[in-house]
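# Analysis of the macromolecular model
Listed below are the residues making up each chain.
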Amino acid sequence: MKIVDIIYRYEARDTSASLRPSHTDAALRRLEDGNKTFAALFESTADQNIVQCIVPVDSRELGLLSSTGEGPKQHPFAVILGCSDARVPIELIFNEGPNDLFVIRVAGNSLGTEVLGSLKYAIDYLSQSLKLIVVLGHSGCKKPCPLCPQEGTSAVH
Ligand SMILES: [Zn+2]
């Protein structure tokens, strides 16, 4: 039986998790690379029973070591509008940690008032760090995303 360990390693020092992409293409590449890293954990290799992935996390991103008692400032590099489906853990599948992504989850990615309000908040207040907005569909969704292609059709996003 194969074992996959995904470890969020909290350290009180600067880590690569704190580095932010400087432009949209770099942000998209980081998400794609993170997803490839996640998917590779589950690719079968006969001689490897235990696979580990360490996601470095600066504990200051959670406000754990704040000397002022204040929480950290938000500075996600991407907004992800994803489905509420419990089988799609968004930070996990992109190999990201706290404060990297501003995640909005709703069944089927429906664009209701609350979702639009969250998107507006991110754009209005997090624009210094944001480089990308992603609408994330997934296979097997029981509530089809209005922006995603349906079976037997194609669409450009
Ligand atoms: Zn879904």
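Look a little higher up for the structure.
Read on for a plain summary of the structure. (Residues numbered from 1 in each chain as written. Predicted model: local features only at pLDDT ≥ 70, side-chain atom pairs only at ≥ 80, totals over all residues.)

## Some words on the sheet that holds strand S4 (residues 101-105)
Pairing within the open sheet is parallel, and its 3 strands lie in the order S4-S3-S5. With one partner strand each, in any of the chains shown, S4 and strand S5 (132-136) form the two edges of the open sheet. The average angle at which neighbouring strand axes cross in this sheet is 15 degrees, direction not considered. Sheet strands touched by helix H3 (residues 113-125): strand S3 (78-82) and S4. Its angle to S4, the strand with the most contacts, is close to 170 degrees. (Pairing = 2+ DSSP bridges. Helix = DSSP H or I, 4+ residues; strand = E, 2+ residues; numbered from the N terminus. Axes fitted to C-alpha atoms, helices over the stretch in contact; angles between N-to-C directions. Contact = placed C-beta atoms within 7 Å.)

## So, the environment of Ser-110
Among the secondary structure elements, Ser-110 is positioned in the loop between S4 and H3. A residue is classified by how many C-beta atoms lie within 10 Å of it, and Ser-110, with 16 of them, is partly exposed. Considered as a pair, Ser-110 and Cys-83 are 27 residues apart in the sequence and their alpha carbons are 8.5 Å apart. (Buried ≥ 20, exposed ≤ 12 C-beta atoms within 10 Å, placed from the backbone.)

## Examining H3
With 13 residues, H3 extends 18 Å between its outermost C-alpha atoms, agreeing within 8% with the 18 Å of an ideal straight helix rising 1.5 Å per residue. Judged by how many residues are buried, H3 sits mostly at the surface: 1 of 13 residues are covered. (Expected span 1.5 Å × (residues − 1).)

## Let's talk about the environment of Val-134
Assignment of secondary structure puts Val-134 in strand S5. Its 17 C-beta neighbours within 10 Å are what place Val-134 among the partly exposed residues. Excluding its chain neighbours within four sequence positions, the residues that come into contact with Val-134 are Leu-31, Ala-78, Val-79, Ile-80 and Leu-81.

## Some remarks on unusual backbone geometry
Even without being glycine, Asn-99 reaches a positive phi, approximately 70 degrees. The topology assignment puts Asn-99 in the loop between helix H2 (90-93) and S4. Under the C-beta neighbour-count criterion, Asn-99 is labelled buried, with 22 such atoms within 10 Å. Here Asn-109, not a glycine, exhibits a phi torsion of approximately 60 degrees, which is positive. Structurally, Asn-109 can be placed in the loop between S4 and H3. Residue classification places Asn-109 among the buried positions, given that 23 C-beta atoms sit within 10 Å.

## Re the nonpolar core
By size, the foremost hydrophobic cluster in this structure holds 14 residues, and its most contacted members are Ala-78, Val-79, Ile-80, Leu-81, Leu-101 and Leu-130. Those elements that place two or more of their residues in this core are helix H1 (24-40), S3 and S4. Among the elements that make up this core, the one with the highest residue count is S3 (4 residues). In this structure Leu-81 touches Ile-104, Asn-109, Val-115, Val-134, Val-135 and Leu-136, once residues within four positions along its chain are discounted. (Core = buried A, V, L, I, M, F, W, Y, C linked by C-beta atoms within 7 Å.)

## Re H1
Here H1 contains 17 residues, and its C-alpha end-to-end distance of 24 Å stays within 8% of the 24 Å for a straight helix at 1.5 Å per residue. Looking at H1, one finds that the buried residues are Ala-27, Arg-30 and Leu-31. On an axial view of H1, the arc spanned by its buried residues comes to 95 degrees, and they lie on one face. Away from its buried face by more than 90 degrees, H1 exposes Asp-25, Arg-29, Glu-32, Asp-33, Lys-36, Ala-39 and Ala-40. The inward-facing, buried residues of H1 abut S3 and S5. (Arc of directions from axis to C-beta.)

Note that every value here comes from positions in space, so none of it alone points to a role or purpose.
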